[in-house]
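This is what each chain is made of:
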There are 2 protein chains.
Amino acid sequence: MGESGNSRWQRKKEARPSEILDAALMLFVDKGYRATKMEDIAQAAGVTKGTPYLYFQNKEEIFKAVVRETIVARMQAMSAQLAQLHDASGSQLLGMALENWWIHIGATRSAGLCKLMAAEATNFPELALFYYEEVIRPARQLLGHIVQRGMDSGEFRPANIEHVIDMLTAPMLMTMILSHSFGQVPGCCESLTQDPLAFLKTALQLTLQGLQNPPAPDTQS
Amino acid sequence: MGESGNSRWQRKKEARPSEILDAALMLFVDKGYRATKMEDIAQAAGVTKGTPYLYFQNKEEIFKAVVRETIVARMQAMSAQLAQLHDASGSQLLGMALENWWIHIGATRSAGLCKLMAAEATNFPELALFYYEEVIRPARQLLGHIVQRGMDSGEFRPANIEHVIDMLTAPMLMTMILSHSFGQVPGCCESLTQDPLAFLKTALQLTLQGLQNPPAPDTQS
DNA sequence: GCATTTGCTGAATTGTTATTTATTAATTTG
DNA sequence: CAAATTAATAAATAACAATTCAGCAAATGC
């Protein structure tokens, strides 16, 4: 098997797609969708310009494949895992859901894809729709089910479900977005939470505290 | 004075800069920084490609001017206004600060600039630094002072100031970002808060409730 | 080894866009 | 009203980047 520098290239039909997707993930997270050049992806994957087009229709399909292989796959695993726990309380389930999201997505490269989509949704509406259907809707649905069941069982007091989902979601989203935007720029770092997980836990506690049944009359109907 | 269609163009040395900035604001909010073409700005301002270069060095300077004329100017006004109120409680001040931000920035086109900066910070680090110094740092400092004073006076219990700022900020940021990303894409709208101000008020109540002095031991030191 | 297949290359094509600058024409001035 | 001034134009420049495709060379089979 030829070493690097020996023959001009290697034939690797099987390995190419995942090599290309790995390279693409890295670059998309680093530079965003538009700013990532096909040639850069090719080079990072150890091939030349034309090769990615032998395995994927175009840049857009590469992006979709990356999202499927990372975020969608992990979401499904998390979802299945939570579905097992029929005896856990709503608070416990929400805590697990958010902590899992943080561990498997928020704290990984994939979080960069979440930021990327918020960043470029308007310029690439087809990608936005894809991401909405595959990621945002299922994720919100999962949280919504947990909250709804908690309200039905009397664990949580009645409240606007969408607002509750937004509240559970906002700290996570902000953390993912900031750490992949200003957090990457030298000189802007001061404003970044040094310990994201601690912040997320605090935020969750606060929201759950306000959601618990007895207290004050404030959340919308 | 020639009407439109009469002579090929009008000379308006005084009015040009603001016409150009108005057009630029609209387009930046709509398409983002990179995707906004100088020629589009020119056309929207009723001039041709070359003209903006007579009044501004380049695209970057146009963007900075837009941010100064909108967000920075309004922040200074809000800041000055809050500085007057020496008798208000911390909760009141925070409520006013966030509601003002929503009214004067969050609910206006300017919110699109906030989203834009989060979106493109990594590709345009110089702009990111400018925005950080002119907007993010002052805004966080203002909130930080209010929270600090509230903690000193005993109104708020001790907590990690940066975390509190993040918590106050996250719902606002998320609302501004989502409404200018997925919120603009037909088909993604379902997930958007229909009544952002109601959501923001709910979120603030919840955070203040957790910050008030007596209760449970949860926020970090 | 030789012929065939096919993974891969890289030059060419097509399209985009920030910025410069020579030129044009509205306005001003004397 | 004819110079002089200068706001504005628009063509040219200089990149850059997605995608295509004719041809090359690594595998494979015989």
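Source: prediction; values computed, not measured. (Residues numbered from 1 in each chain as written. Chains lettered and ligands numbered in written order. Predicted model: local features only at pLDDT ≥ 70, side-chain atom pairs only at ≥ 80, totals over all residues. Heavy atoms only, no water.)

A. View of the UniProt feature "DNA-binding region" (unreviewed entry) in chain A. Per the UniProt annotation, the sites labelled "DNA-binding region" (unreviewed entry) are residues 37-56 of chain A. A distance of 15 Å separates the end C-alpha atoms of residues 37-56 of chain A, which is 55% helix and 0% strand. (UniProt positions renumbered as here; feature names shortened; annotations may be inferred. Helix = DSSP H or I, 4+ residues; strand = E, 2+ residues; numbered from the N terminus.)

B. Up close: the relation of the copies chain B and chain A. The two copies are related by a screw operation: chain B maps onto chain A through 180° of rotation and 0.0 Å of translation along the axis, at an RMSD of 0.1 Å. The transformation relating the two chain copies, once decomposed into turn and shift, fits a two-fold axis. Residue Ala119(B) of chain B places its C-alpha closer to the rotation axis than any other residue of that unit, at 2.1 Å. Interface overlap between copies: 100% of the residues of chain B at the interface are likewise at the interface in chain A, consistent with a symmetric, same-surface contact. (Least-squares fit on C-alpha atoms with pLDDT ≥ 70 in both. Contact = heavy atoms within 4.5 Å.)

C. Representation of the domain arrangement of chain A within the structure. Residue and element names in this part refer to chain A. For chain A, the assigned domains are domain 1 (1-56) and domain 2 (64-211). Inter-centroid distance (C-alpha atoms) of domain 1 to domain 2 is 30 Å. Domain 1 puts 10 residues into the contact, and the matching count from domain 2 is 12 residues. In total, domain 1 and domain 2 occlude about 1000 Å² of area from one another, counting both sides; carbon and sulfur atoms represent 82% of this. The three residues of domain 1 that bury the most area against domain 2 are Leu 25, Val 29 and Tyr 33, which together make up 53% of that side's buried surface. In this structure, the connection of domain 1 to domain 2 is made through 0 salt bridges. Linking domain 1 with domain 2 are 2 residue pairs in polar contact (both at pLDDT 80 or more), by the criterion used here. Of the residues that constitute the side of domain 1 that touches domain 2, the class distribution is 8 nonpolar, 1 polar and 1 charged. (Domains from an automatic or database assignment. Buried area = accessible area lost by both parts, 1.4 Å probe. Salt bridge = Lys/Arg side-chain N within 4 Å of Asp/Glu carboxyl O. Polar contact = N/O pair within 3.5 Å; in protein donor to acceptor, adjacent residues only side chain to side chain. Nonpolar A, V, L, I, M, F, W, Y, C, P; charged D, E, K, R; others polar.)

D. Seen up close, the protein's contact with DNA strand C. Close contacts around DNA strand C come from 24 residues, with Arg16(A), Thr51(A), Tyr55(A), Arg11(B) and Lys37(B) the closest. Backbone atoms, meaning sugar and phosphate, make up 75% of the atoms of DNA strand C lying within 4 Å of the protein. At 3.3 Å, a backbone N or O of Gln10(A) approaches a phosphate oxygen of DNA strand C. One nitrogen or oxygen atom from the side chain of Lys59(B) is found 3.1 Å from a phosphate oxygen belonging to DNA strand C. A breakdown of the residues in the surface near DNA strand C according to their chemical character gives 7 nonpolar, 6 polar and 11 charged. (Near = heavy atom within 4 Å.)

E. Quick peek at the packing of aromatic side chains. According to the stated counting rule, one finds 10 aromatic pairs over all chains in the structure shown. Ring centres of Phe182(A) and Tyr131(B) lie 5.8 Å apart, and the angle between their planes is 20°; this geometry places the pair in the stacked category. Linking Phe182(A) in the loop between helix H8 (161-179) and helix H9 (196-211) with Tyr131(B) in helix H7 (residues 125-152), this pair reaches from one chain into another. By the burial criterion, Phe182(A) is buried, and Tyr131(B) matches it. Aromatic side chains Tyr33(B) and Phe124(B) sit 4.7 Å apart centroid to centroid with 75° between the ring planes, which places their arrangement in the edge-to-face category. Of this pair, Tyr33(B) sits in the loop between helix H1 (16-31) and helix H2 (38-44) while Phe124(B) is found in the loop between helix H6 (110-120) and H7, placing the two residues 91 residues apart along the sequence. Given the relative accessible area of 5%, Tyr33(B) is considered buried. Pairwise contacts between aromatic rings join Phe28(A), Tyr33(A), Phe63(A) and Phe124(A) into one cluster. Between Lys59(A) and the ring centre of Tyr33(A), over which it is positioned, the NZ or CZ distance is 4.8 Å. (Phe/Tyr/Trp six-rings, centres within 6.5 Å; stacked < 30°, edge-to-face > 60°. Buried < 20%, exposed > 50% of the residue type's maximum accessible area, 1.4 Å probe, protein only. Lys NZ or Arg CZ within 6 Å of the ring centre and 35° of its normal.)

F. Main features of the protein's contact with DNA strand D. Neighbouring residues of DNA strand D: 25 residues in total, closest Arg11(A), Lys12(B), Arg16(B), Thr51(B) and Tyr55(B). Counting only the atoms of DNA strand D that lie within 4 Å of the protein, the sugar and phosphate share comes to 76%. Take Met38(A): an N or O atom from its main chain is 3.0 Å from a phosphate oxygen of DNA strand D. At 2.8 Å, a side-chain N or O of Tyr53(A) approaches a phosphate oxygen of DNA strand D.

G. Representation of helix H8 (residues 161-179) of chain B within the structure. Residues and elements named next belong to chain B. Its 19 residues place the ends of H8 28 Å apart at the C-alpha level, agreeing with the 27 Å of an ideal helix rising 1.5 Å per residue. Considering bend angle alone, the principal kink of H8 is centred on Thr 169 and spans about 35°; proline Pro 171 follows within four residues of it. In terms of residue burial, H8 counts as a mostly covered element, since 17 of its 19 residues are buried. Sitting at the head of H8, Asn 160 places a side-chain oxygen 2.9 Å from the backbone nitrogen of Glu 162. (Expected span 1.5 Å × (residues − 1). Bend = angle between axes of the 7 residues up to and from the residue.)

H. Representation of the packing of helix H4 (residues 59-84) of chain B against H7(B). All names here are of chain B. Interhelical geometry of H4 versus H7 gives an angle of 5° and a closest axis separation of 11 Å. Viewed along their axes, H4 and H7 adopt a mutual orientation that is roughly parallel. In contact with Glu 60, Phe 63, Lys 64, Val 67, Arg 68, Ile 71, Val 72, Met 75, Ser 79 and Leu 82 of H4, H7 contributes Glu 126, Leu 127, Phe 130, Tyr 131, Glu 134, Val 135, Pro 138, Ala 139 and Leu 142. Here the residues of the contact of H4 with H7 are counted per class, giving 13 nonpolar, 1 polar and 5 charged. (Axes fitted to C-alpha atoms, helices over the stretch in contact; angles between N-to-C directions. Parallel < 35°, antiparallel > 145°, perpendicular 65-115°, else oblique.)

I. Focus on the interface of chain B and chain A. Listed per partner, the contact involves 53 residues of chain B and 53 residues of chain A. When chain B packs against chain A, close to 4500 Å² is buried across both sides, 68% of that on carbon and sulfur atoms. Taken as a group, Tyr132(B), Phe182(B) and Leu206(B) account for 13% of the area that chain B buries against chain A, more than any other trio of residues on that side. The interface formed by chain B and chain A contains 0 salt bridges. At the boundary of chain B with chain A, the tally comes to 4 residue pairs in polar contact (both at pLDDT 80 or more). Per element, the largest residue contribution to the side of chain B that touches chain A is 10 residues, and it comes from H8(B).

J. The pattern of salt bridges, seen in detail. Within this structure, the stated rule accounts for 13 salt bridges over all chains. For Asp166(B), the salt bridge identified is with Arg140(B), shortest N-O distance 2.9 Å. You can see Asp166(B) sitting in helix H8 and its partner Arg140(B) sitting in helix H7, a full 26 residues away along the chain. Residue classification places Asp166(B) among the buried positions, given a relative accessible area of 1%. Beyond isolated ion pairs, a larger network of salt bridges with shared partners links Lys12(A), Arg16(A) and Glu19(A).

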